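# Notes for the structure review
Residues per chain are reported as follows:
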Amino acid sequence: MLPTTSRGRSSSSTSWTTNPLFIQYLRRIIKWQQMDIEYTFWQMLHLCTSPKVVYQHTKYHKQTKNQWARDDPAFVVICSLLLAVATLAYCAAYDHSAAHAVFVVISVLLFHFLFIGMLLATFCWFLTNSYLREEAPNSHVVEQRVEWLYAFDVHCNSFFPMFVMLYVLHYFLSPLLVAHGFIPVLLSNLLFMVASSYYHYLNFLGYDVLPFLERTTFFLYPISIVIVLSPILILSGFNPSRYFMNMYFSHWL
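Residues numbered from 1 in each chain as written. Predicted model: local features only at pLDDT ≥ 70, side-chain atom pairs only at ≥ 80, totals over all residues. Heavy atoms only, no water.

## Description of the overall build of the protein
How we decide: Only DSSP runs of H or I covering at least 4 residues are called helices, and only runs of E covering at least 2 are called strands; the numbering of each starts at the N terminus. Each residue is assigned to one of three classes by its accessible area relative to the maximum for its type, calculated with a 1.4 Å probe on protein chains only: buried under 20%, partly exposed between the two thresholds, exposed over 50%. When checking whether two residues touch, look at their non-hydrogen atoms; a contact exists if any pair is within 4.5 Å. To be clear on the numbers: accessible area is Shrake-Rupley with a 1.4 Å probe, and residue cover counts the displayed protein chains and nothing else.
The number of helices and strands found in the protein is 10 helices and zero strands. Moving toward the C terminus, one meets the helices and strands of the protein in the order α-α-α-α-α-α-α-α-α-α. Looking at the 253 residues of the protein, the share that counts as buried comes to 46%. Once local pairs closer than 6 in sequence are excluded, the contacts in the protein between residues at least 24 apart make up 80%. Counting only carbon and sulfur atoms, one obtains 69% of the accessible surface of the protein, whose full area is about 13,300 Å².

Following this line, the structure appears as C-alpha cells:
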C-alpha cells in the first residue's frame, strides 16, 4: 500500500488548472495524430463488458508514466463526438428546428457531459484527497494524491456505458418509453436504474484501484439509494424518459 503523509489543507487546495500535465492535456486535444484511437475504442468496449480489465491497465499506466490519469485526451474527444451524433439523432427524430437542434447539441455537450462531469470530478477529487486517503505509518512515506485529471477520467469511464444505455439504446426504445401507461414507466425506470447503478459501480472501481485510498465502498452507497427510489418512482407513475425528453422536445412529444 502507498499511504500519504499529510492531509493538510494547503495541498488539497492546489489548483489543478495550473498543473503542467493539465495544460499539456488541453494542447493535445487538437492534435489527432498524437491520439491513440484504437486503444480508446478498446477501453470503451471493455468498460461495457470487463471494466476491471481497464483499471488493471491503469496500474500499468502508473508504472510506466508515473501518473494515474490519462495523458491522451482521445477518450474525451471521441466520447464528445459520439454524444454529439447521438444527440443529433434525437433532434432528427423529435425536433424540426435547426437552430433548436444546435442549441440541444451544445447544451448536452457543455452542460450534461463537461460541466456536470467537471463538478462530479471535483467533488470526488476533494472527497478522496481530504477524507479517504490512508494515514501514513511514518513521515518518510512518499505522499500520494488523487489527480484531478484522474477523477475526471473516472467520470468519463463511468459515463460511457451510461451513454450507451441512456442515449443509444434509449433512442431505439424511445417510441415505447415515452408512451403513456404502466409498461413504459416500468421499462424506463428499470433502464435508468441499471444505467445509474453501473455508473456508480464503475466510479467505485476507479477509486478502489488506487492503493492509497481506503473506504472506497462509499462510492457504492448511491446504488442502494437508486434501488430504493426506483420502485417508489414506478408506483408513483413517474417516467424519467418523458421527463428528460420533455426538457428539450416538449413541443413534439
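## Things to note about the pattern of salt bridges
Just so we agree on the cut-off: The salt bridge definition used is simple: a Lys or Arg side-chain nitrogen within 4 Å of an Asp or Glu carboxyl oxygen.
Counting across every chain of the model gives three salt bridges. R70 is the salt-bridge partner of D153, the closest N and O atoms lying 3.3 Å from each other. Here R70 lies in the loop between helix 4 (51-65) and helix 5 (74-94) and D153 lies in helix 7 (residues 148-177), a separation of 83 residues in the sequence. The exposure classification of D153 matches that of R70, with both residues buried. For R215, the salt bridge identified is with E214, shortest N-O distance 2.8 Å.

## Some points on a nonpolar patch on the surface
The cut-off we apply is this: Patches in this entry comprise residues that are over 30% relatively accessible and not in a salt bridge; like charges within 9 Å are linked, as are nonpolar side chains (Val, Leu, Ile, Met, Phe, Trp, Tyr) within 5 Å.
Together, I225, V228, L229, I232, L233, F238, Y243, F244 and M247 give the surface a local cluster of nonpolar side chains, amounting to about 820 Å² of exposed area. Mapped onto the nonpolar patch, the elements with two or more residues apiece are helix 9 (221-236) and helix 10 (240-249). When residues of the nonpolar patch are assigned to their parent elements, the largest contribution, five residues, is made by helix 9.

## Concerning the layout of surface pockets
Gaps left between atoms are located by rolling a probe of water-molecule size over the structure's atoms. As a reminder of what qualifies: Grid points spaced at 1 Å over the protein atoms alone were grouped into cavities, where a 1.4 Å probe fits but cannot get out, and pockets, open sets with protein on both sides within 12 Å along at least five of seven lines, with lining residues defined by an atom within 4 Å of a point. Grid points are joined across faces, edges and corners, and a volume is the space filled by probe spheres set on the points.
Counted as a void, the largest pocket has a volume near 960 Å³. What lines the largest pocket is a set of 33 residues, and nearest its centre among them are M162, L166, Y167, F192 and F244.

## Focus: the environment of V102
Examined against the element boundaries, V102 turns out to sit in helix 6 (residues 98-131). As for V102 and C91, which are separated by 11 residues in sequence, their C-alpha atoms are 8.9 Å apart.

## Notes on the packing of aromatic side chains
Note the cut-off: Pairing of aromatic rings covers Phe, Tyr and the six-membered ring of Trp, with a centre-to-centre limit of 6.5 Å; geometry is then stacked below 30 degrees between planes, edge-to-face above 60, and tilted otherwise. Only when the NZ of Lys or the CZ of Arg is both within 6 Å of the ring centre and within 35 degrees of the ring normal is a charge said to sit over the ring.
Under the counting rule described, the total for this entry stands at 23 aromatic pairs. For the ring pair F75 and F160, a centre distance of 6.3 Å and an interplane angle of 70° mean the geometry is edge-to-face. Residue F75 is located in helix 5, and its partner F160 is located in helix 7; the two are separated by 85 residues in the primary sequence. Residue classification places F75 among the buried residues on the basis of a relative accessible area of 1%. Judged by relative accessible area, F160 falls into the buried class, the value being 7%. Here the basic side chain of R70 rests over the ring of F75, its NZ or CZ set 4.3 Å away from the ring centre.

## Some words on the state of the cysteines
Put simply, the rule reads: Two cysteine sulfur atoms make up a disulfide if the distance between them is within 2.5 Å.
If you walk through the whole model with that rule in mind, you get zero disulfides. Counting only cysteine sulfurs, C156 is the nearest neighbor of C79, a cysteine outside any disulfide, at a range of 6.3 Å.

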